[in-house]
Amino acid sequence: MAIERYNPKQAEIRWQRMWEEARIFETDNDSPAPKYYVLEMFPYPSGRIHMGHVRNYAMGDVVARYKRARGFNVLHPMGWDAFGMPAENAAIQNKVHPRDWTYANIDAMRKQLKSMGLSLDWSREFATCDVDYYKQQQALFLDFLAAGLIYRRNSKVNWDPVDMTVLANEQVIDGRGWRSGALVEQRELTQWFFRISDFAEDLLASLDELDQWPEKVRLMQKNWIGKSEGLSLRWEIADPAAAGGATDIEVYTTRPDTLYGASFLAIAADHPLAKELAAKDPAVAEFCDQCRRAGTSLAALETAEKIGFKTAINVVHPLDPEWTVPVYIANFVLMDYGTGAIFGCPSGDQRDLDFARKYNLPVTPVVMPADADAASFVITDTAYVGDGVMINSRDLDGMTPDAAFSAIAARLEAKTLGNAPQAARKTNFRLRDWGLSRQRYWGAPIPVIHCDDCGVVPVPAKDLPVQLPDDITLEKPGNPLDHHPTWKHVDCPACGKAARRETDTMDTFVDSSWYFARFTAPRHDTPTDPAVASAWLPVDQYIGGIEHAILHLLYSRFFTRAMRQTGHVDLKEPFRGLFTQGMVVHETYRTGGEGKPEWVAPAEVVIEEAEGVRRARHARTGEALTIGSIEKMSKSKKNVVDPDDIIDSYGADTARFFMLSDSPPDRDVIWTEAGVEGAHRFVQRVWRLLGEAAPVLSQVEAATGTAGQALTVSRAAHKTVKAIGEDIEKLAFNKAVARLYELVNTLAAPLSDVAAGKADAELKAACKQAANMVVLLIAPMMPHLAEETWKLLGNDGMVATTPWPDYDASLVTDDQVTMPVQINGKKRGELTIDRNADQAAVEQAVLALDFVRNATGGNPPRKFIVVPQRIVNVVV
RNA sequence: GCGGACGUGGCGAAACUGGUAGACGCAAGGGACUUAAAAUCCCUCGGCCGCAAGGCUGUACGGGUUCGAUUCCCGUCGUCCGCACCA
C-alpha cells in the first residue's frame, strides 16, 4: 500500500501549537513529583540561532522530555544573556538603540527556537537586560556589598586612549586596542571587585564532590585556582642605607628546601622597593619602564629573555649570618603573585638557572636524583626539579626535599627577625579577585552614589532599580553614562547634598552567574524566592560549551556561595551535573587562488564524486573549488549552515536527530549534507513503515509476543527500551540513535507482513506494542513525528504526556547464550548453551566440540577458563 | 615549558568492569523494481591468501603483564585542548 511522504512542515507547526495551547511544558512549582532541572546555557541574542544552538538545545530537550516521561516535574526554561558589547557596536554601526537591537534579535531567535519544537517553559522567559532582572541583580549587589563580599580598590586596567575605554585582556591584540588600533596604556582606576579569592580554598576542595562534571573541567578549574603551599620568608637587608631605610625583603617560595642553593634575590619592577630605588636613580627607572612595556604584550612574554638590574642591596642568608646574596630587579618576577619577590636557586629552577648563567651567579646543586653520585653531580644547562636527596646543604644533607622543607620551615618559624618570626607557612592561590566594573553603557548599573562628604553610599533598596537612561550618545568616545547630561547627578541618600552616581556598569558575567536561580521564581519581587530556589536547585543537568569551563562556571559557583551567605539560596554548588558538548564543524570551500582565498558558503557548493575523489564546484559559476579543512562553523570561513534552511527543507525532527546521531555528544560533529539526508530517510522510513501497518495496528490491542516471530519482535523492542533508557541517562545520544536504527531494521519485515495482511493475531499484537514503543522512544529526539505516528496508530492523548514504556525484564535476557570458544586465546568456534549452565556443563560441552577434540588430541587441556555467559578459553 | 585528553575500515563511530574488534550510520560497488528517474528493497564492503570451506593478519609504533589487551603498564611518534616567567 502506498502512503504519502511525511510532510514535517505542516505537522510540526500543528503540534507546536497543540503543546502550547495545552501548556504542558509550563512547570508547576507545587507539583508533588520529584524535581528535575535541566538547563542549557542561555544564548546571547546575536540575531540568529546557529547549529551550535541546535545541537545544545536538542540535547537538553531529549533529557527534558525523557525525564518528563519518567514522571519527574521538569524545569526547562529559556532566557537571554542580553547585555554586552555587540549591542553597542551594532548601535554605532547601524544607528539603532542597543535596547531595540537586542529585543528585536530576541524576537527573531525566539521564533527560531520555537520552530525547533523544544519543550521549554516560555512563561519563565526573561532577558538579563530586562529592567526587572537587573533590578534584582542590583539588590544582590547591595546585599553582597553589605556582607563584605564586594570591595573597591585601585587596579591596573588596559586603557584605550582613543576610544577612552577600558579593554578586557582579550581585546588587547599585540599591545593595541582591538578596534581603535591605539597603543594600550596601563592605567590605575578605582574598580569594584568580588572577593572570590576568599572562597578559593572551598571552590577548590568542593571540586571533588562534583562527580558528575567532566574530569577535564574540574582539572581546568583546579589549575585556574592554582593552590600552592610554601613559605613566606623575610631576608634581612645587610645595608639598609642602600635600600632607603627598608630592613628586610619578604619573598614567597614553595621550595624552602633549596635555601642553601640560593644565589640571588629578585624583585618585580613594580615592587615598592624597586619604585623607591627608581625615584632616586634614573637608570633603575629606565629599567623598570622597560620591564613594564614588555609586560603589556603577551606575545613578547613568551620569548622574552630574562633580564635583571643589579641593585646595590645585599641581603643576609637566613641560615648563615656570614653569607650575603645580591638583590636584582628582574623582568620575570610578577608583582601580583606571592610577595613580588623571590629568592633564586639556579640549580632547582630553570628560570633562575637561565638568569644565573647570564649574570654569572653561583650554581650550587642542592637536590640530586636518589641514585646519583654527590661528588660528580653537576648542573649544566638544565635545572633539576625532581625529587631525590639533599646535597651541599650542610646538616640537611641526605634528607628528602620534603623533610628538608619541614626542617627549614620549622627552624625559620622559630627564629625572629625584628619583632616577628622570620618565616611563616603560607598557602597561595593564583585566583585573583574578580573585577566587575565596566565603563560601558549596555550593562547593569552599579547601584552606588559617590558623595564628597559621605564617600561611597549604596543606593537605598527602595530606590532600585537604577535604570539605564534611554537618551544616550554612543558615537562620542568614552562611557555614555558618564557624559550623559543629567543621569549621574543625584542627591546623596545619606546627607542630601549633590552627589554623583557610579557610572560603571557590571561585567556581563555577573548577569549569567545567577540566572539559573532566577528561573525558579522569575517574577518574584526579590532576587529569589529562597524556599523555591532551594527546592529546585541545584540544576540537575547543565549543558553547554567547553569555552565556559572556567570563568562562567567558577563565577556561578562563587555567586551561589555568596547568595547563600546573604540568604538567597541554601546551597553551595549550583550545577550537579555538567555536560560540555562539542562544536558543529563543517568543511570549508574556497576559490583556487593561493594568495587570498575567497571562501564560499556550502549552500553555493556542489560536491561531485568520481573514482573515489570528491570535487567541489561553485553551483552558479561552475568554478572548481578547493575543499579545505573541517573547521568550526564561522562567518569568516563562510562554512555555516543556517538552521532555518534545514528546518525549512527537512523539518526540525530531522535537524535534531542528525545533531544527536553519529558523533558522541562531547566531541565535535561534522555537518554533512549526506548525513542530514540519512537522518531524513530515517524519518520517512519510520513514517512509511508505521503508516502502512497503521490501518491494521490501529484496530489491535498491544500485547507481548510469546512465541515465534511475535516473540522475536517483542524481545527486540523490550531490549531497545532498556538500552535507550540507559543511553539517555548517560547522555549517549549517538548510541541511542544507533539502537533505534537497529530496532526499526528488525521491525521492517514484520511490519510489512502486518501491512500486507500476512500476520496472525499474536504478531499483530506484538507489532502494535513494538510500534508504540518505537514512537515513545523516538519522542525525545523527534517529538513531532512521534505525535503524528502515535495518532496514526490509533492511540489516545499526546506522546508529550505519555509515560516512558516499561520493559519486561524476562524478555531482555535470552535463555540461550552463544559463547565464543577460544583455543590458546584465539577464537576457533562457538558454543550455544543454556544461559544458566554451570561450569562443569560448559566444560563438558566444549570438550565435545570437534575442533576442540582435534586441538587437544583427546588429552585433558592444560587450563580451562570459563567466563560465565561471555567466553571460553581452552589452553592446550 | 607545565598539565590533560586522544590516536580503531574510505569517513563519523561502537565494543559493559581485560573476554567474538568494527554494532549503527555515511560513502562506494553490484543487483531487483521502473520506459526512465526518484523513492524503495536485496547483496558486498579492514588487509592478505584461497574456487570454496577456511586460514593468516589487523585497533599509531616498539616492548611488557595476562589463558586472553582497542582496554592495564613502560617507552616512542603524532593530533588536539587548557594554563603559562605563578617562585
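It should be emphasised that the depicted structure is a prediction, and the values quoted were computed from it without experimental measurement.

A. Region of the structure containing unusual backbone geometry. Looking along the chain, the bond that leaves Leu464 and enters Pro465 is cis, with omega of 0 degrees. Counting through the fold element by element, Pro465 comes out in the loop between strand E22 (455–458) and strand E23 (489–491). Residue Pro538 is reached from Leu537 by a cis peptide bond, and omega for that bond is 0 degrees. With respect to the secondary-structure elements, Pro538 resides in the loop between helix H15 (530–536) and strand E26 (541–545). Here Arg394, not a glycine, exhibits a phi torsion of approximately 55 degrees, which is positive. Tracing the sequence through the fold places Arg394 in the loop between strand E15 (389–390) and helix H12 (401–414).

B. Geometry of helix H20 (residues 708–729). Between the first and last C-alpha of H20 there are 32 Å, a value that for 22 residues agrees with the 32 Å anticipated at 1.5 Å per step. Of the residues one or two after H20, Leu731 is the one with positive phi, at around 60 degrees.

C. Geometry of the sheet that holds strand E34 (residues 826–834). Spatial strand order, E34-E33-E36-E35: four strands in an open sheet with mixed pairing. Pairing within the sheet leaves two strands with one partner each, and these edge strands are E34 and strand E35 (863–867). Neighbouring strand axes in the sheet, compared pairwise and without regard to direction, differ in orientation by 20 degrees on average. The pairing of strand E33 (residues 816–823) with E34 spans eight bridges and is classified as antiparallel.

D. View of the side chain of Arg561. Within the secondary structure, Arg561 is located in helix H16 (residues 551–565). If we ignore the near neighbours within four places in the chain, the residues touching Arg561 are Phe199, Asp202, Leu203, Ser206, Lys572 and Glu573.

E. Looking closely at the protein's contact with RNA strand B. With respect to spatial proximity, 51 residues lie near RNA strand B, and among them Thr254, Arg351, Arg685, Arg870 and Asn873 are the closest. Across the atoms of RNA strand B situated within 4 Å of the protein, the share located in sugar and phosphate is 59%. Taking Ser663, its side chain carries an N or O atom lying 2.9 Å from a sugar or linking oxygen of RNA strand B. At 2.4 Å, a side-chain N or O of Asn873 approaches a base oxygen of RNA strand B. The biggest single contributor to the surface near RNA strand B is helix H21 (residues 733–755), with six residues. Partitioned by chemical class, the residues of the surface near RNA strand B number 20 nonpolar, eleven polar and 20 charged.

F. Summary view of the environment of Phe658. Tracing the sequence through the fold places Phe658 in helix H18 (residues 652–660). Sequence spacing of Phe658 and Arg55 is 603 residues, and the spatial spacing of their C-alpha atoms is 9.1 Å. If near-sequence neighbours (up to four positions away) are discounted, Phe658 is found in contact with Ile670, Trp671, Thr672, Gly675, Val676 and Ala679.

G. Structural detail: the packing of aromatic side chains. Inspection of every chain in the model, using the stated rule, returns 43 aromatic pairs. For the ring pair Trp434 and Phe558, a centre distance of 6.4 Å and an interplane angle of 75 degrees mean the geometry is edge-to-face. With a gap of 124 residues between them, Trp434 in strand E19 (residues 434–435) and Phe558 in helix H16 connect regions that are remote in the sequence. These aromatic residues form a ring-pair network of at least three members: Phe42, Phe126, Tyr133, Trp514, Tyr515, Phe516, Phe519, Tyr542 and Phe575. The ring of Phe193 carries Arg153 above its face, with NZ or CZ at 3.9 Å from the centroid. Its guanidinium or amino end placed over the ring of Trp224, Arg430 lies 4.4 Å from that ring's centre, counting from NZ or CZ.

H. Quick peek at the state of the cysteines. All chains considered together, the criterion is met by zero disulfides. Cys495 forms no disulfide, and the closest cysteine sulfur to it belongs to Cys454, at a distance of 3.6 Å. Given a relative accessible area of 38%, Cys495 falls into the partly exposed group.

I. Layout of the nonpolar core. Phe141, Tyr515, Phe559 and Trp671 are the most contacted members of the largest nonpolar core, which totals 182 residues. Non-local contacts of Tyr515, meaning those with residues more than four positions away in its chain, are made with Leu39, Glu40, Met41, Phe42, Phe126, Tyr133, Tyr542 and His552. Counting 41 residues, the second-largest nonpolar core is a separate cluster that includes Leu233, Ile237, Met390 and Ala404.

J. Representation of the sheet that holds E26 in the model. Taken in spatial order, the four strands of this open sheet run E2-E1-E26-E27, and their pairing is parallel. In this open sheet, the two strands that pair with only one neighbour each are strand E2 (73–75) and strand E27 (578–581). On average, each strand axis in the sheet is inclined to that of its neighbour by 20 degrees, with strand direction left out of account. Where E26 meets E27, four bridges bridge the pair, whose relative direction is parallel. Bridging across to E27, Ile543 finds its partner in Phe579.

K. View of the environment of Asp28. Within the fold, Asp28 resides in the loop between helix H1 (8–22) and strand E1 (35–40). Given the relative accessible area of 41%, Asp28 is considered partly exposed. A sequence separation of 75 residues divides Asp28 from Tyr103, and the C-alpha atoms of the two residues are 27 Å apart. Beyond its immediate stretch of four places on either side in the chain, Asp28 contacts Asn73 and Trp536.

L. How the structure looks around helix H17 (residues 643–650). Within the sequence span of H17, burial applies to Pro643, Ile646, Ile647 and Tyr650. For H17, the angular spread of buried residues about the axis comes to 95 degrees, placing them on one side. Residues of H17 that are buried in the fold lie against H1, helix H2 (51–69), helix H4 (98–115), H18 and helix H19 (673–697). Of the residues flanking the start of H17, the one acting as N-cap is Asp642, its side-chain oxygen 2.9 Å from the backbone nitrogen of Asp644. Positive backbone phi, approximately 100 degrees, marks Gly651, located one or two places after H17.

M. Layout of the environment of Trp323. For Trp323, the position within the fold is in strand E12 (residues 320–330). Residues Trp323 and Ser263 lie 60 residues apart in sequence; the distance between their C-alpha atoms is 10.0 Å. If near-sequence neighbours (up to four positions away) are discounted, Trp323 is found in contact with Tyr260, Ala262, Val315, Val316, His317 and Arg394.

N. Geometry of the packing of H20 against H21. Put simply, H20 and H21 touch, their axes get as near as 10 Å, and they point 165 degrees apart. The orientation of H20 relative to H21 falls into the category roughly antiparallel. Our pair here, H20 against H21, has a crossing hand that is left-handed. Contacts from Gln709, Val713, Ala716, Ala717, Thr720, Ala723, Ile724 and Asp727 of H20 reach H21 at Lys735, Ala736, Arg739, Leu740, Leu743, Thr746, Leu747, Pro750 and Asp753. Partitioned by chemical class, the residues of the contact of H20 with H21 number ten nonpolar, three polar and four charged.

O. The pairing of strand E3 (residues 150–160), seen in detail. Examined bridge by bridge, E3 and strand E7 (residues 185–194) share ten bridges and lie antiparallel to one another. Of the residues in E7, the one forming a bridge with Tyr151 is Phe193. Pairing between E3 and strand E4 (residues 165–167): three bridges, direction antiparallel. The partner of Asn158 across the bridge, within E4, is Leu167. Connecting the antiparallel pair E3 and E4 is a turn made up of four residues, with Met164 showing a positive phi of about 50 degrees.

P. Highlighting the pattern of salt bridges. With the rule as written, the count across this model stands at 44 salt bridges. With its nearest N and O atoms 4.0 Å apart, the salt bridge here joins Glu229 to Lys227. Under the relative-accessibility criterion, Lys227 is labelled partly exposed at 32%. Ionic pairing is found between Arg557 and Glu573, a salt bridge with its closest N-O pair at 2.8 Å. With Arg557 in helix H16 and Glu573 in the loop between H16 and E27, the pair connects residues that are 16 residues apart, well separated along the chain. The class for Glu573 is buried, based on a relative accessible area of 12%.

Criteria and cut-off values
- Residues numbered from 1 in each chain as written.
- Chains lettered and ligands numbered in written order.
- Predicted model: local features only at pLDDT ≥ 70, side-chain atom pairs only at ≥ 80, totals over all residues.
- Heavy atoms only, no water.
- Helix = DSSP H or I, 4+ residues; strand = E, 2+ residues; numbered from the N terminus.
- Expected span 1.5 Å × (residues − 1).
- Pairing = 2+ DSSP bridges.
- Axes fitted to C-alpha atoms, helices over the stretch in contact; angles between N-to-C directions.
- Contact = heavy atoms within 4.5 Å.
- Near = heavy atom within 4 Å.
- Polar contact = N/O pair within 3.5 Å; in protein donor to acceptor, adjacent residues only side chain to side chain.
- Nonpolar A, V, L, I, M, F, W, Y, C, P; charged D, E, K, R; others polar.
- Phe/Tyr/Trp six-rings, centres within 6.5 Å; stacked < 30°, edge-to-face > 60°.
- Lys NZ or Arg CZ within 6 Å of the ring centre and 35° of its normal.
- Disulfide = S-S within 2.5 Å.
- Buried < 20%, exposed > 50% of the residue type's maximum accessible area, 1.4 Å probe, protein only.
- Core = buried A, V, L, I, M, F, W, Y, C linked by side-chain atoms within 4.5 Å.
- Arc of directions from axis to C-beta.
- Parallel < 35°, antiparallel > 145°, perpendicular 65-115°, else oblique.
- Left-handed = near helix turned anticlockwise from the far one by under 90°.
- Salt bridge = Lys/Arg side-chain N within 4 Å of Asp/Glu carboxyl O.

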